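Chain by chain, the residues run as shown.
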2 protein chains.
Amino acid sequence: MLEQSAAGVTVRRSVLPSGLRVITERIPGVRSASVGLWVQVGSRDERADVAGAAHYLEHLLFKGTARRSAAVIAEEIDAVGGELNAFTAKEHTCYYAHVLDEDLPLAVDLVCDVVFEALCEPRDFETERGVVLEEIAMRDDDPEDLLHDAFLDALMGDHPLGRPVLGTEKSIGDMSRDALYGFYRRRYTLPRMVLAVAGNIDHNHVMRLARKQIGDRLARTGTPVAPRAGRARIASSRKLVLHSDDTEQAHLMLGVKALDRHDERRFALNVLNAALGGGMSSRLFQEVRERRGLAYQVYSSVGSYADTGTWSVYAGCQPDRLGDVAGVIRDVLSVVAAEGLSDAEVARGKGQLRGGLVLGLEDTSSRMSRIGKGELNYGDYLSVEQTLERIEAVTADDVAALAAELLRRPVAAAVVGPYAHADDLPPQVHEVIS
Amino acid sequence: MLEQSAAGVTVRRSVLPSGLRVITERIPGVRSASVGLWVQVGSRDERADVAGAAHYLEHLLFKGTARRSAAVIAEEIDAVGGELNAFTAKEHTCYYAHVLDEDLPLAVDLVCDVVFEALCEPRDFETERGVVLEEIAMRDDDPEDLLHDAFLDALMGDHPLGRPVLGTEKSIGDMSRDALYGFYRRRYTLPRMVLAVAGNIDHNHVMRLARKQIGDRLARTGTPVAPRAGRARIASSRKLVLHSDDTEQAHLMLGVKALDRHDERRFALNVLNAALGGGMSSRLFQEVRERRGLAYQVYSSVGSYADTGTWSVYAGCQPDRLGDVAGVIRDVLSVVAAEGLSDAEVARGKGQLRGGLVLGLEDTSSRMSRIGKGELNYGDYLSVEQTLERIEAVTADDVAALAAELLRRPVAAAVVGPYAHADDLPPQVHEVIS
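Residues numbered from 1 in each chain as written. Chains lettered and ligands numbered in written order. Predicted model: local features only at pLDDT ≥ 70, side-chain atom pairs only at ≥ 80, totals over all residues.

Asks: Where do I start with the confidence of the model for chain A in this structure?
Replies: The predicted coordinates should not be examined in detail at positions where pLDDT is low. Residues and elements named next belong to chain A. The predicted model of chain A averages 93 in pLDDT, with 96% of residues at 70 or higher. Note that pLDDT drops below 50 for residues 1–5; the model gives that stretch eleven contacts with residues more than four away or on any other chain. Among the prediction metrics, the complex's ipTM stands at 0.86, with pTM recorded as 0.91. (pLDDT = per-residue confidence, 0-100. Contact = placed C-beta atoms within 7 Å.)

Right, here's the structure in full:
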């Protein structure tokens, strides 16, 4: 059992014989609890013919268990004013609840019930297919979501990480209940799961609740599955993906393959990202929006996976400015690749990460996510203080070396906007990927 | 000076001679502070020819003051990892910062500097026009935002509340710097403002910081402006507004005029809203999504203004299901208008509000908003406990009486979707407003 404590906060970790890990963080002074059951199964675990299975399954699990219908699940959480929901990502799925502290037993019971005991009845499977297809249509109407999927397609090509989490109309339309149920039963095993709880809670109480949930049925012995690692084999990229859409704005995302989440240089990457495109004082924001008023939004972001990662820039602008926007972004990136960033910029980037980290951990949900993801991704817990130290240790030279390497890698780009063919895009967009 | 304290939380209020109100909430155990300067000026204060002035002004104020350029403003807040931003609504504008507690003086300084001392230089005025036009284009690409504006247009017609906060391409394109600067200097007076601060702070410290900001220049005596009240004179509604758009989903919003924010029945309205369309167990969610899988999202919401209000239902679905969705919503509303809700539903609606209220007040930003808006809208502070009591006091009869009145009022509706003319909409949409 690992224990860490700082400023009244205590993180504790236990492993049940079944292989389920339980990690908790006690936060005195709050009145709530956040419970998350993290499953190391995501869209990258799907074969192409069942693309979207992990997400479809996440929906289906809420449709009823041996003890509760979908309506009863909704009624029980609404009656206490709590939130019960889930999300599916490329490498994991998380089922979570946020409730008043006194409702912790209900929250653990609900989350475990849907994850362990869902019936996945054929009738519900059919109804939910319609809901998932609606969600795909919604994504298609959201240019930024669509753009993000298009960019990963451009960068990752046929690799499973390049496929959308939602699947496609075809893969969802063709999915059979048996295939999905098989995916559930094979993949959702206790050694692949982490129960994370943060708030006004006690570790031993959470352990008692967890043991009760697992009971006999699932209490086979097991060893926690190690975090994912390795080196992604990503074949040729498509480089440019255009999604023609009758939008008022043109949306551009461009970027490179960056670092996997185990790479020690990830703290330097976060500083680089903050200073280059993370805030209102960042190079990109100042050059694109403030100095030239070319776009409403422009920012950069880091994506981390077990064995690869991304660094990308987003901009949304009027279509007739897309060329200028792409040109300015390209210029900024070449200058930074050649010269790195100033000491003042690096200091500001570090300040931004430092403040953002502390300010972002005020609610129990983000605390729960932090410990749950930490366990799933690293099998370890890095305290806030340890993280702050790693950020502090980054130097301007580290940032410059990383910029020189990453910003010279082959660029992939995606555009959502009113262009019929890639040939209609302004030349600067083609130049950026050349 | 008003003082209220519960569970270690203390709310204090002072009025400076200039008419500026300062309201603070001390929250022990957190490490941050949220600072908001609330101005009782919003889009409803604009004449039609300067529609969007309040929002355009909000942008412009960040472009530089006597002491700081736009870049320096951004650098100072990024250096401490804080957030500095603003939003404009129909009846108010709020400038806010969220920082570590030790950075409170900087946060108060930055927020007051941009609101009191902005230069509004002609060159920045021109650059920012482009950014605001980008934001209008972004709104046009977001079906739900567009729908919301279209619905208020349908319900409120030519009343200023029916106009979009962003203004129009024409009104922004035609705006002169002098008109906007005049709007700023006439409207942004201290008696119309509330400085709200929540977090690990001390009221007297905040008062010292506020006095220092106001200094001599603006320290004329004044009396706080009373909250808005009255009765909105809203002429004929347009009833149905269609915005043709090449979207995958059809988006429908329908609703009625409801209660102004001073109406004592607002607690009953919130219970009705929660039970009818506020959660996964609500009537609308169960009937539309769970039982029939007709839509991905369906929910209802309450809008409150000084002298009127709205209650509305949103649904997003495949275009070929729009008729069924509208029909089911109409049926649900007529049943509830005739029969009210069951005791179990009312109890669940109350539980939902209760839990949601407490869980929604965990971060300092929402605490700051609560006290700032309370002061601006009511000139008073209702504690969480007092609010919980008012919710608890609502009966099933109150809810039934309100449903019988509101759900029989004339319905207005808006649709965003792939329909060229209103005649192309399914008959159920026309029936819903007839």
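Asks: Explain the packing of helix H12 (residues 343–359) of chain A against helix H2 (residues 70–79) of chain B here, please?
Replies: Each pair of packed helices can be described by the angle between their axes along with the distance between the axes. Put simply, H12(A) and H2(B) touch, their axes get as near as 7 Å, and they point 55 degrees apart. Comparing their axes, H2(B) and H12(A) come out oblique. Facing H12(A), whose interface residues are Arg348(A), Gly351(A) and Gln352(A), H2(B) presents Glu75(B), Asp78(B) and Ala79(B). In terms of residue class, the contact of H12(A) with H2(B) is made up of one nonpolar, two polar and three charged. (Axes fitted to C-alpha atoms, helices over the stretch in contact; angles between N-to-C directions. Helix = DSSP H or I, 4+ residues; strand = E, 2+ residues; numbered from the N terminus. Parallel < 35°, antiparallel > 145°, perpendicular 65-115°, else oblique. Nonpolar A, V, L, I, M, F, W, Y, C, P; charged D, E, K, R; others polar.)

Asks: Sorry, what's going on with the UniProt feature "domain: Peptidase M16 N-terminal" (unreviewed entry) in chain A here?
Replies: Taken from the UniProt record, the annotation "domain: Peptidase M16 N-terminal" (unreviewed entry) applies to residues 21–168 of chain A. Helix makes up 45% of residues 21–168 of chain A and strand 19%, and the two end C-alpha atoms of the span are 33 Å apart. (UniProt positions renumbered as here; feature names shortened; annotations may be inferred.)

Asks: What am I meant to see in the relation of the copies chain A and chain B here?
Replies: The relation between the two chain copies is a rotation about an axis coupled with a shift along that axis. For these two chains of identical sequence, chain A goes onto chain B by a turn of 180 degrees and a shift of 0.0 Å along the axis, with RMSD 0.0 Å. These values place the two chain copies in the arrangement generated by a two-fold rotation axis. When the interface residues of chain A are mapped onto chain B, 100% of them are again interface residues, pointing to one common binding face. (Least-squares fit on C-alpha atoms with pLDDT ≥ 70 in both.)

Asks: Looking at this structure, how should I read helix H15 (residues 396–406) of chain A?
Replies: Two residues of an α-helix separated by three or four positions point the same way, owing to the 3.6 residues in each turn. Residue and element names in this part refer to chain A. If you check which residues of H15 are buried, you get Val-399, Leu-402, Ala-403 and Leu-406. The arc that holds every buried residue of H15, seen down its axis, measures 100 degrees, which confines them to one face. Next to the buried residues of H15 lie strand E9 (250–257), helix H9 (266–277), strand E11 (309–317), helix H11 (322–339) and H12. (Buried ≥ 20, exposed ≤ 12 C-beta atoms within 10 Å, placed from the backbone. Arc of directions from axis to C-beta.)

Asks: What is the right way to read the sheet that holds strand E12 (residues 412–417) of chain B from this model?
Replies: Across a sheet, strands are paired by hydrogen bonds formed along the backbone, either parallel or antiparallel in direction. All names here are of chain B. In space, the five strands of this open sheet follow the order E8-E12-E9-E11-E10, with mixed pairing throughout. What marks the edges here is a single partner per strand, and that holds for strand E8 (240–244) and strand E10 (297–304). For this sheet, the mean angle separating the axes of adjacent strands, direction not counted, is 15 degrees. One ladder, built from eight bridges, connects E10 with strand E11 (residues 309–317); its direction is antiparallel. Within E11, the position partnered with Ser-300 by the bridge is Val-313. (Pairing = 2+ DSSP bridges.)

Asks: Honestly, the interface of chain A and chain B in this entry has me stumped. Any pointers?
Replies: With 56 residues of chain A in contact, the opposing surface of chain B contributes 56 residues. Residues of the side of chain A that touches chain B, tallied by class, amount to 20 nonpolar, 20 polar and 16 charged.

Asks: Help me out: how do you make sense of the domain arrangement of chain A in this one?
Replies: Where the parts come together, the accessible area they lose is often given as the size of the interface. Residues and elements named next belong to chain A. Annotation of chain A at the domain level lists domain 1 (3–219) and domain 2 (240–433). Here the C-alpha centroids of domain 1 and domain 2 sit 28 Å apart. The interface of domain 1 with domain 2 comprises 36 residues on the first partner and 31 residues on the second. Listing elements by their share of the side of domain 1 that touches domain 2, those giving two or more residues are strand E1 (2–6), strand E2 (9–15), strand E3 (21–26), strand E4 (32–39), strand E6 (93–100), helix H5 (143–156) and strand E7 (193–199). Of all the elements, H5 adds the most residues to the side of domain 1 that touches domain 2, at ten residues. Of the residues assigned to the side of domain 1 that touches domain 2, the class counts are 20 nonpolar, nine polar and seven charged. (Domains from an automatic or database assignment.)

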